[in-house]
Amino acid sequence: MLKPQLAIRPSFLTHLGRPLLPRHLRPTLAFTPYSTDRQPDGSPPSSSYVHPKVQKSSTYSQNQPSHSQTAWDRFQDRIKHRLPTFPAFLGAASLITSLIYLQYSSSQNVERNRDQQRRMDATKEKIYEDTGLHPDDSIELHGLRFPKVKPEDSPFTLDNCTVVFVLGGPGAGKGTQSARLAKEFNYVHLSAGDLLREEQTRPGSPYADLINWFIREGKIVPFEVTITLLREAMKRSGSNKFLVDGFPRTLPQGEEFEKAVCPARLVINFEANEEVLESRLLKRGETSGRADDNIESIKKRFRTFVMSTYPVITHYMQADKCITIDSSRPVDEVYADARRIFSKLEHAHPTEKPKVEVPAAAS
Ligand SMILES: Nc1ncnc2c1ncn2[C@@H]1O[C@H](COP(=O)(O)OP(=O)(O)O)[C@@H](O)[C@H]1O
Ligand SMILES: O=c1ccn([C@@H]2O[C@H](COP(=O)(O)OP(=O)(O)O)[C@@H](O)[C@H]2O)c(=O)[nH]1
């Protein structure tokens, strides 16, 4: 009985080399039939014994290379005798080329990095000479260089504290109402704007130019500066009840403050339309001496409020932590609503806002 047996033993190299050969040189799979019958001399069947009927039709004449040998056969022979084949040669060549290229590019990188380092050192020296601030400990923003503030250097977390954020557009009456509330309900009133203005005029403050520029432009001073000033003021006060007026100005500021210092108990939003706000601010500008109470800065402040601060109010409204008071009414009327809220705050459940009905702001 004849059984076919694969003469080509599958190996990685035969598969590797096969596609490189032109189609007409590729072998068709040749079978070397062998017999399971006993051999003519009576010895047991052997895979090396080829039946005479099929011996002639075999593609391979066993160990003897013949003139009709194909390129594939020669390739097979080379593998068998562990001689280098074309794909192996190609692989080795590409490996060597890659190594040479890697070596070349890494030496180029080293040179480029050295060059960059030299340029950075020169710039740092110049910054140090020009500003007296060490470049590694300072930041440049809008052409202004100021020392890096690291709130983690002065950690301050309050346990058992009550913080109420007082928000609203510029001129909404945050400062006016907060001052009265703080007095009556024994809170410490911290106006972020006032703290920044104090820092701006403090002799030797490295942040003076920076704060001046941001306030005049109606932009929000980098948070690290403001939170540091707030923390210092909170520490100094020795209290644990704060009305934080005009802060947070952005969502990340609120998140950071609540995480690092203390969660807000409540948010009061004083609301009035831009027409009312503008006329109040222009009037205040006649005597306030503030660099931002002029029409150009006011317009910019309105834009910043809508873009950056209103989302903070919306966020706390959605969290059911915010009460809005119509502040376009006279000061006393506004205060009457505000004090009703604070009267109930002490007795309200610590996670709930006080249930007080206040008239909606006119749109
Ligand atoms: N309810 C009000 N009606 C009229 N004027 C007000 C009222 N509340 C505050 N003001 C005045 O408007 C200006 C802005 O008030 P302020 O409390 O400084 O606002 P904010 O702190 O929100 O900028 C101040 O001159 C203040 O006296
Ligand atoms: O947390 C704050 C509070 C205030 N400001 C700056 O201080 C200015 C005045 O703020 P303030 O609250 O004193 O006045 P408002 O604009 O609300 O009338 C703002 O326009 C900002 O430039 C800031 O950058 N971060």
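Residues numbered from 1 in each chain as written. Chains lettered and ligands numbered in written order. Predicted model: local features only at pLDDT ≥ 70, side-chain atom pairs only at ≥ 80, totals over all residues. Heavy atoms only, no water.

Looking up the protein in an unreviewed UniProt entry gives the name Uridylate kinase, with the organism given as Tieghemiomyces parasiticus. Its UniProt record, at the heading Function (unreviewed entry), says of the protein: "Catalyzes the phosphorylation of pyrimidine nucleoside monophosphates at the expense of ATP. Plays an important role in de novo pyrimidine nucleotide biosynthesis. Has preference for UMP and dUMP as phosphate acceptors, but can also use CMP, dCMP and AMP." Regarding the protein, the relevant UniProt record gives this comment under Subunit (unreviewed entry): "Monomer." (UniProt positions renumbered as here; feature names shortened; annotations may be inferred.)

Colleague: I'm lost on the overall build of the protein in this one. Help?
Modeller: Regarding its fold elements, the protein presents 12 helices and 9 strands. Burial analysis of the protein (363 residues in total) assigns 37% to the buried set. Once local pairs closer than 6 in sequence are excluded, the contacts in the protein between residues at least 24 apart make up 69%. Split by element, the accessible area of the protein, about 22200 Å² in all, is 55% carbon and sulfur. (Helix = DSSP H or I, 4+ residues; strand = E, 2+ residues; numbered from the N terminus. Buried < 20%, exposed > 50% of the residue type's maximum accessible area, 1.4 Å probe, protein only. Contact = heavy atoms within 4.5 Å. Areas by Shrake-Rupley, 256 points an atom, 1.4 Å probe, with all protein chains shown as cover.)

Colleague: What is the right way to look at the UniProt feature "binding site: ATP" (unreviewed entry) in the protein in this model?
Modeller: Taking the numbering used here, the UniProt-annotated feature "binding site: ATP" (unreviewed entry) corresponds to G171, A172, G173, K174, G175, T176, R284 and R329. If we ignore the near neighbours within four places in the chain, the residues touching G175 are H189 and D245. Examined against the element boundaries, T176 turns out to sit in helix 5 (residues 174–185). Since its relative accessible area comes to 44%, T176 is described here as partly exposed.

Colleague: Explanation requested: the nonpolar core in the structure shown.
Modeller: Inside soluble globular proteins, nonpolar side chains tend to come together where they are buried. Counting residues in hydrophobic clusters, the biggest one holds 38 residues, and the most contacted among them are V163, F165, V225, M234, F247, F257 and V261. At the level of secondary structure, the elements contributing two or more residues to this core comprise strand 5 (162–168), helix 6 (192–201), helix 7 (208–216), helix 8 (223–237), strand 7 (241–245), helix 9 (251–260), strand 8 (264–271) and helix 11 (295–318). Of all the elements, helix 8 adds the most residues to this core, at 7 residues. (Core = buried A, V, L, I, M, F, W, Y, C linked by side-chain atoms within 4.5 Å.)

Colleague: I keep staring at the packing of aromatic side chains and nothing clicks. Help me out?
Modeller: To describe a pair of aromatic rings, one takes the distance between the centres and the angle between the planes. Evaluation of the coordinates by the stated rule reveals 10 aromatic pairs. On the basis of an interplanar angle of 75° and a centroid distance of 6.0 Å, the ring pair of F305 and Y310 is categorised as edge-to-face. For F305, a relative accessible area of 16% corresponds to the buried category. The partly exposed category is assigned to Y310, whose relative accessible area is 30%. Among the aromatic residues, those joined into a ring-pair cluster are F165, F223, F247, F257 and Y316. Positioned above the aromatic ring of Y335 is the side chain of R180, whose terminal nitrogen or guanidinium carbon lies 4.3 Å from the ring centre. Above the plane of the ring of Y187 lies K241, whose end atom (NZ or CZ) is 4.6 Å from the centre. (Phe/Tyr/Trp six-rings, centres within 6.5 Å; stacked < 30°, edge-to-face > 60°. Lys NZ or Arg CZ within 6 Å of the ring centre and 35° of its normal.)

Colleague: Would you mind showing me how to read the packing of helix 10 (residues 274–288) against helix 11 here?
Modeller: Any two packed helices are characterised by how steeply their axes cross, that is the angle between the axes, and by the distance between the axes. Helix 11 packs onto helix 10 with a crossing angle of 140° between their chain directions and a minimal axis gap of 11 Å. Comparing the axis directions of helix 10 and helix 11 gives the class oblique. Here helix 10 runs over helix 11; the crossing is right-handed. On helix 11, the residues that touch E274, L277, E278, L281, L282 and R284 of helix 10 are I295, I298, K299, R301, F302 and V306. (Axes fitted to C-alpha atoms, helices over the stretch in contact; angles between N-to-C directions. Parallel < 35°, antiparallel > 145°, perpendicular 65-115°, else oblique. Left-handed = near helix turned anticlockwise from the far one by under 90°.)

Colleague: Is there a simple way to explain helix 8 in this structure?
Modeller: Residues three or four positions apart in an α-helix share a direction because the helix packs 3.6 residues into each turn. For helix 8, which comprises 15 residues, the first-to-last C-alpha distance of 21 Å matches the rise-based estimate of 21 Å (1.5 Å per residue) to within 8%. Among the residues of helix 8, those classed as buried are F223, V225, T226, I227, T228, L229, L230, R231, A233 and M234. On its buried face, helix 8 sits against strand 5, strand 6 (188–191), helix 6, helix 7, strand 7 and helix 9. Looking at the residues trailing helix 8, positive phi occurs at G238, about 70°. (Expected span 1.5 Å × (residues − 1).)

Colleague: What am I meant to see in the site of ligand 1 here?
Modeller: Close to ligand 1 lie 13 residues; K174, G175, T176, R284 and R329 are nearest. Residue G175 places a main-chain N or O atom 2.9 Å away from an oxygen atom belonging to ligand 1. Side-chain polar atom of R284 to an oxygen atom of ligand 1: 2.7 Å apart, as the coordinates give it. Protein chains shield 72% of the accessible area of ligand 1, which is 550 Å² for the free molecule. Going through the elements one at a time, helix 5 and helix 10 are the ones with two or more residues in the shell around ligand 1. With 3 residues, the single largest contributor to the shell around ligand 1 is helix 5. Tallied by class, residues from the shell around ligand 1 come to 3 nonpolar, 6 polar and 4 charged. (Near = heavy atom within 4 Å. Polar contact = N/O pair within 3.5 Å; in protein donor to acceptor, adjacent residues only side chain to side chain. Nonpolar A, V, L, I, M, F, W, Y, C, P; charged D, E, K, R; others polar.)

Colleague: What should I look at first to understand the pattern of salt bridges in this one?
Modeller: Pairing between side chains becomes possible if they bear opposite charge and their charged atoms approach one another. Evaluation of the coordinates by the stated rule reveals 23 salt bridges. Of the charged contacts, one joins K321 and E258 as a salt bridge, the two residues approaching to 3.8 Å between their closest N and O atoms. Highlighted residues: K321 in the loop between helix 11 and strand 9 (322–326) and E258 in helix 9, separated in sequence by 63 residues. A salt bridge links R340 to D337, with the shortest nitrogen-to-oxygen separation between them at 3.1 Å. Of this pair, R340 and D337 both sit in helix 12 (residues 331–345), 3 residues apart, which is roughly one turn of the helix. Among the residues examined, R340 registers a relative accessible area of 37% and is labelled partly exposed. The class for D337 is buried, based on a relative accessible area of 6%. (Salt bridge = Lys/Arg side-chain N within 4 Å of Asp/Glu carboxyl O.)

Colleague: Would you explain the site of ligand 2 in this entry?
Modeller: Close to ligand 2 lie 20 residues; K174, R197, K219, V221 and R301 are nearest. Between ligand 2 and K219 there is a distance of 2.6 Å, counted from an oxygen atom to a backbone nitrogen or oxygen. At 3.4 Å from an oxygen atom of ligand 2 is found a main-chain nitrogen or oxygen belonging to G246. Coverage of ligand 2 by the protein amounts to 96% of the 510 Å² it exposes when considered alone. Among the residues forming the shell around ligand 2, the class breakdown is 8 nonpolar, 4 polar and 8 charged.

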